[in-house]
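# An overview of the molecular structure
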Amino acid sequence: MREVPAMSDQHSDAPLRYEVVVIGSGFGGGTVALRLAQAGKKVLVLERGRRWRGKNLIPQDGDPAATPFPQIGESHFFWGSQIWHPSRQRLGLFELRQMLNLQGVAAAGVGGGSLVWGNVAIEAPENIFRAGWPGDITYEVLQPYYRKAEGYLLPLFVPGVPGIPGEKNRRVIRSEMFKAVAEKTGKKWQPVRVAVNFGDEAVPHANGHGHARQLGCNYCGLCSAGCPQNAKNTVDITYLAEAEALGAEVRPLTEVTHLESHNGTYRIHFRRYELDGRVAERGSISSHNVVLAAGTFGTTELLLQSKARGGLPGISKALGTRFSVNGNVLSGALRRDATDDEIAKLDTNSGPAIGSMINCGSFAIEDFANPTWTAGMIGGSNFGRVWSFLRALAGHPAGAEAMRKKAKDLLVYIGVGRDESRGRLKLNAFGSLSLEWPGGINSDPVVRELHQTMAELAHAQGREYVPNVFSIFDRPLTYHPLGGCPMADSQDSGVVDSCGRVFGYRGLYLADGSVIPTAVGRNPSFTIAAVAERIAERMLQTIVNQEAPPTPVCK
Ligand SMILES: Cc1cc2nc3c(=O)[nH]c(=O)nc-3n(C[C@H](O)[C@H](O)[C@H](O)COP(=O)(O)OP(=O)(O)OC[C@H]3O[C@@H](n4cnc5c(N)ncnc54)[C@H](O)[C@@H]3O)c2cc1C
Ligand code: SF4
C-alpha cells in the first residue's frame, strides 16, 4: 500500500497536481474516487481518519498505542480511545456528534462508515422518490446505479437466517426470534442482504477488486465495532483498493478545515495529524475540481465553515436544511428476571450485526447484534441497572461482567423510517454543528410509530421495552444522518443539482449522504453509493479542465 506524505501546495501559481480532490472516503467518496481513477483522472483523496484493518482492528499504520478490539462487556468502548476527538489526542474509529437535541454516530477512517456499518445493503422503496427529490431522479433511474454498487458490495443473505441455507452449527437466533414474533403479531418478516464474505477462511476478497486478504465471517456479531476477520466488504478493500491500484492517492490523517474559491480553483485547507493526535502540519492544496464526501455532518459543516469564513459566500440558503435522522430509533427488549441458566441458553449476539427485518412499509425494524455500546446504552444504562452501568463505565470487572451477561440476553431493535426531514443544521456560537428540529425529533410521526411497534414486539416476546437512554431524554441517537446539502431542481430549495454540482460553483461537487434530500426509510448506504455512482458518471461528462466548454445542463 502506498503512503503519500501530506505536502502543502502553498503557491497559488504552482501547477495543479490533481485533477480532482475528493474529501472523505466513505461510500460516496470511495465510489467517486474509483470511477474517476478508472477514467484515468489524477485523483487525491483526503481522509481525516487512519487506515484501520484486520485482526483486532490494529491500525495498519502500526500505532502501538491502539486500543485492542473491544469485547462484549468492555466499557471503554465509547468513552475510551475509540473516539475520534483530535483535540483530546484521540484518533479513534467513532465520531460522536453531541448536540443538545441529537447524538450522531459516524466513523473516521479510510473507508468511512463502511468500517462500522451493519453491512445491510438495501434499496430505498420506490415511493421514497415520489416527493422531495429532483425531477430526474426516480427509483427506475437509480436502478443501473444500484447494480453498479452491488458489483462492489456483493450483498448476500446471511446463511443460517430462517430460509437461507447454511452450515448446521450457524444459527442466527435473533432472526429466528424475529420471524416468530412477526408471525405472532401479523407483520411481514424478511431476511436482508449484507455485504459480507461468507466464504471459507483465508479466501481473498471474492470480487477480485480488493487487495486485502479476507477471512470468512465467524458470526461474532461485532460488525458495528469493525471486523476482526476483514470479512466485511468495506470501501477501503473494494472501491478504494482498486482506485489506489489505478493511481489514486489516499492521504489518511488529513482533515480538511475549509475551502476557498479563487478564480475557478478551490483552495482546500487541511491539517495533518500524527498518530498521537498532534497536528503535524497545516497546509493547503488547490484543484479545479473538488468532491466533498465527508458524510452528512462533515460535508454540511465544511460548507457552513467555508461560508462563514467568506470562502464560499454564494452557497445556497438551503444549506443545512432537509436534515433527516432516517427515522432512527435504537431500542431493546430485556428480561429483568432471566436466570443465569436461561441467559446461557440464548446468545442473541451470534451472526453478523443484522440478519432480518420486519417490514412495516414506511418504516422497518431490524434485529441487531449487541456489541458493548448497545448493551451500554440500552441494557446497562437502563434504570434499575444504573449501578452495574456505572461500575462498567468505571472499568470495574464486576460491572463489565454484568454488562456481558446482559448483552447475551438483550434483544436490540434497530429502527429506520421515513421521517419528515424537518431538521436544519447550523453552526453554534462555538463553531460546532447544532440542530433545529421544530417540536423535537421524538415528535415525528414515524419515530412515534416505531416506538409503539417496538414496544408491541417486545411485549409479544415476553420482554420489557427499553428505549435507549438518550432517546428517553429527548436526545435521540442517529446512525443514518442524511441531508443538510439537499439535491434539488433549483438553488432556492437545494445546495446541489441532481448531478451533485454545487449551485453557483463550477467544479465543486458533493457526493455523500448530505445530498440525500429525504429520509429513505431503509438503511441508506446502498442508495448513497448508487447516487454517487450517478454523480461520478455525470461528473466525467462535465469535469472542469483548461479546454472544457461551459458546463452543460445536468440531465
Ligand atoms: C454503527 C453504524 C451502523 C450502520 N449500519 C448501516 C447499515 O447496516 N447499512 C447502511 O446502509 N448504513 C449503515 N450505517 C450508516 C452508514 O455508515 C452511513 O450512512 C454511510 O457511511 C454514509 O456514507 P457517506 O459517504 O455519506 O459518509 P461516510 O461513510 O461517513 O464517509 C465520510 C468520510 O469522510 C471523512 N471526513 C469527515 N470529515 C472530514 C474532513 N473534514 N476532512 C477529511 N475527511 C473527513 C470521515 O472520516 C469518513 O471517512 C451505519 C452507521 C453506523 C454508525
Ligand atoms: S459477524 Fe461481522 S464482525 Fe464478525 S466476522 Fe462476521 S462480518 Fe466480521
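Here goes a summary of the coordinates provided. Predicted model only: the values in this text are computed from it and were never measured. (Residues numbered from 1 in each chain as written. Chains lettered and ligands numbered in written order. Predicted model: local features only at pLDDT ≥ 70, side-chain atom pairs only at ≥ 80, totals over all residues. Heavy atoms only, no water.)

## Here we look at the overall build of the protein
Worth spelling out the cut-off: Segments assigned H or I by DSSP are reported as helices when at least four residues long, segments assigned E as strands when at least two residues long, and all are numbered from the N terminus. Burial here depends on accessible area, computed with a 1.4 Å probe over protein chains only, as a share of the maximum for the residue type. Under 20% is buried, over 50% is exposed, and the range in between is partly exposed. For accessible areas, the Shrake-Rupley method is used with a probe of radius 1.4 Å. Any residue's cover is judged against the shown protein chains and nothing else.
In terms of helices and strands, the protein carries 13 helices and 23 strands. Within the protein, the fraction of its 555 residues that count as buried is 63%. Approximately 20,300 Å² of the protein is accessible, and the part contributed by carbon and sulfur atoms is 54%.

## Digging into the sheet that holds strand β13 (residues 279-287)
What counts, and what does not: Two strands qualify as a pair provided DSSP detects at least 2 bridges between them. Here, axes are lines fitted to C-alpha atoms. For helices the fit covers the stretch in contact, and angles between N-to-C directions go from 0 to 180 degrees.
Reading across from one edge, β11-β12-β13 is the order of the 3 strands in this open sheet, with antiparallel pairing throughout. At either end of the open sheet lies a strand with only one pairing partner, and these are β11 (254-262) and β13. Across the sheet, the mean angle separating the axes of adjacent strands is 20 degrees when strand polarity is ignored. Bridge count between β11 and strand β12 (residues 265-273): 8 bridges; the pairing is antiparallel. For L259, the partnering residue across the bridge sits in β12 and is I268.

## Focus on the sheet that holds strand β17 (residues 363-368)
Ordered in space as β8-β16-β17-β18-β15-β21, the 6 strands form an open sheet in which the pairing is antiparallel. The sheet is open, and its two borders are formed by β8 (188-191) and β21 (464-467), each paired with just one other strand. The average undirected angle you get between the axes of adjacent strands in this sheet is 30 degrees. Where β17 lies against strand β18 (residues 411-417), 6 bridges are found, and the strand directions are antiparallel. Across the sheet, residue F368 finds its bridge partner in β18, namely V412.

## Considerations on the site of ligand 1
What counts, and what does not: Here a residue is considered near a molecule or strand provided that any single heavy atom belonging to it is located within 4 Å of it. Distance and chemistry together define a polar contact, namely a pair of N or O atoms within 3.5 Å, with one atom able to donate a hydrogen and the other to accept it when in protein, and with adjacent residues in sequence counting only for side-chain atoms on both sides. Three residue categories are used. Nonpolar comprises Ala, Val, Leu, Ile, Met, Phe, Trp, Tyr, Cys and Pro, charged comprises Asp, Glu, Lys and Arg, and polar comprises the others, including Gly.
Ligand 1 sits among 37 residues. The nearest are E47, R48, G118, G513 and S525. G113 places a main-chain nitrogen or oxygen 2.8 Å from an oxygen atom of ligand 1. In the complex, the protein chains occlude 95% of the 1,000 Å² of accessible area that ligand 1 would expose alone. Secondary-structure elements contributing two or more residues to the shell around ligand 1 are α1 (27-38), β6 (103-107), β11, α6 (295-308) and α13 (525-542). For the shell around ligand 1, the class distribution of residues is 17 nonpolar, 16 polar and 4 charged.

## Digging into α6
We apply this condition: Multiplying 1.5 Å by the helix residue count minus one yields the expected span of that helix.
If you check α6, its first and last C-alpha atoms are 19 Å apart, about what 14 residues at 1.5 Å a residue would give, namely 20 Å. Across the 14 residues that make up α6, a large majority, 11, are buried. Of the positions making up α6, those classed as buried are T296, F297, G298, T299, T300, E301, L302, L303, L304, Q305 and S306. Phi turns positive one or two residues past the end of α6, at G310, with a value near 85 degrees.

## Description of the packing of helix α4 (residues 173-185) against helix α11 (residues 445-460)
Here is the rule: Should an angle fall under 35 degrees it is called roughly parallel, over 145 degrees roughly antiparallel, and 65 to 115 degrees roughly perpendicular, with every other angle called oblique. Throughout, a residue-residue contact means that at least one pair of heavy atoms, one from each residue, lies within 4.5 Å.
As a packed pair, α4 and α11 sit with axes 10 Å apart at the nearest point and diverge in direction by 105 degrees. Considered as vectors, α4 and α11 are oriented roughly perpendicular to each other. Where α4 abuts α11, its residues V181, K184 and T185 lie against E456, L457 and A460. Class assignment of the residues belonging to the contact of α4 with α11 gives a composition of 3 nonpolar, 1 polar and 2 charged.

## Description of the packing of aromatic side chains
What counts is decided by this rule: In summary, the pairing rule links any two rings of Phe, Tyr or Trp, Trp by its six-membered ring, whose centres are within 6.5 Å, and it sorts them by plane angle into stacked for under 30 degrees, edge-to-face for over 60 and tilted for everything else. In this scheme, the term charge over a ring applies when either NZ of a lysine or CZ of an arginine sits within 6 Å of the ring centre and within 35 degrees of the ring normal.
Tallied over the entire structure, the rule returns 9 aromatic pairs. Summarising the aromatic geometry, the rings of W84 and Y273 are spaced 5.8 Å apart at their centres and angled 80 degrees between planes, so their arrangement reads as edge-to-face. Of this pair, W84 sits in strand β3 (residues 84-85) while Y273 is found in strand β12, placing the two residues 189 residues apart along the sequence. On the basis of relative accessibility, which here comes to 6%, the residue W84 falls in the buried class. Members of the aromatic cluster, each reached through a chain of ring pairs, are F129, W133 and Y139. Geometry around W52 places R50 over its ring, the cationic atom sitting 5.0 Å from the centre. Against the face of W189 rests K179, its NZ or CZ located 5.8 Å from the ring centre.

## Describing the site of ligand 2
Quick reminder of the rule: Buriedness for pockets is judged along seven lines, at least five of which must meet protein on both sides within 12 Å for an open set on the 1 Å grid over protein atoms alone, while cavities are sets there where a 1.4 Å probe fits but cannot get out, and lining residues have an atom within 4 Å of a point. A cavity or pocket is said to hold a molecule if more than half of that molecule's atoms lie within 2 Å of its grid points.
Around ligand 2 lies a shell of 14 residues, among which C217, N218, C220, C223 and C227 are the nearest. Applying the majority rule of atoms within 2 Å of the grid points places ligand 2 in the second largest cavity. Residues that form the shell around ligand 2 fall into these classes: 9 nonpolar, 4 polar and 1 charged.

## A closer look at α1
For α1, spanning 12 residues, the distance from its first C-alpha to its last is 17 Å, which sits close to the expected 16 Å at 1.5 Å a residue. Listing the buried residues of α1 in full gives F27, G28, G29, G30, T31, V32, A33, L34, R35, L36 and A37. Looking at the buried residues of α1, the elements they touch are β1 (20-23), β2 (43-46), α3 (139-153), α5 (239-245), β14 (289-292) and α13.

## Focus: the environment of E449
Looking at the secondary structure, you find E449 in helix α11. In this structure the C-alpha to C-alpha distance between E449 and S362, which are 87 residues apart in sequence, comes to 9.8 Å.

## Some points on unusual backbone geometry
With a phi close to 55 degrees, N326 is a non-glycine residue in the positive phi region. Considering the arrangement of structural elements, one finds N326 in the loop between α6 and β15 (329-334). A residue is classified by how much of its surface remains accessible, and N326, at 0% relative accessible area, is buried. We note that S421 has phi near 50 degrees; this positive angle belongs to a residue other than glycine. In this fold, S421 is placed in the loop between β18 and β19 (424-427).

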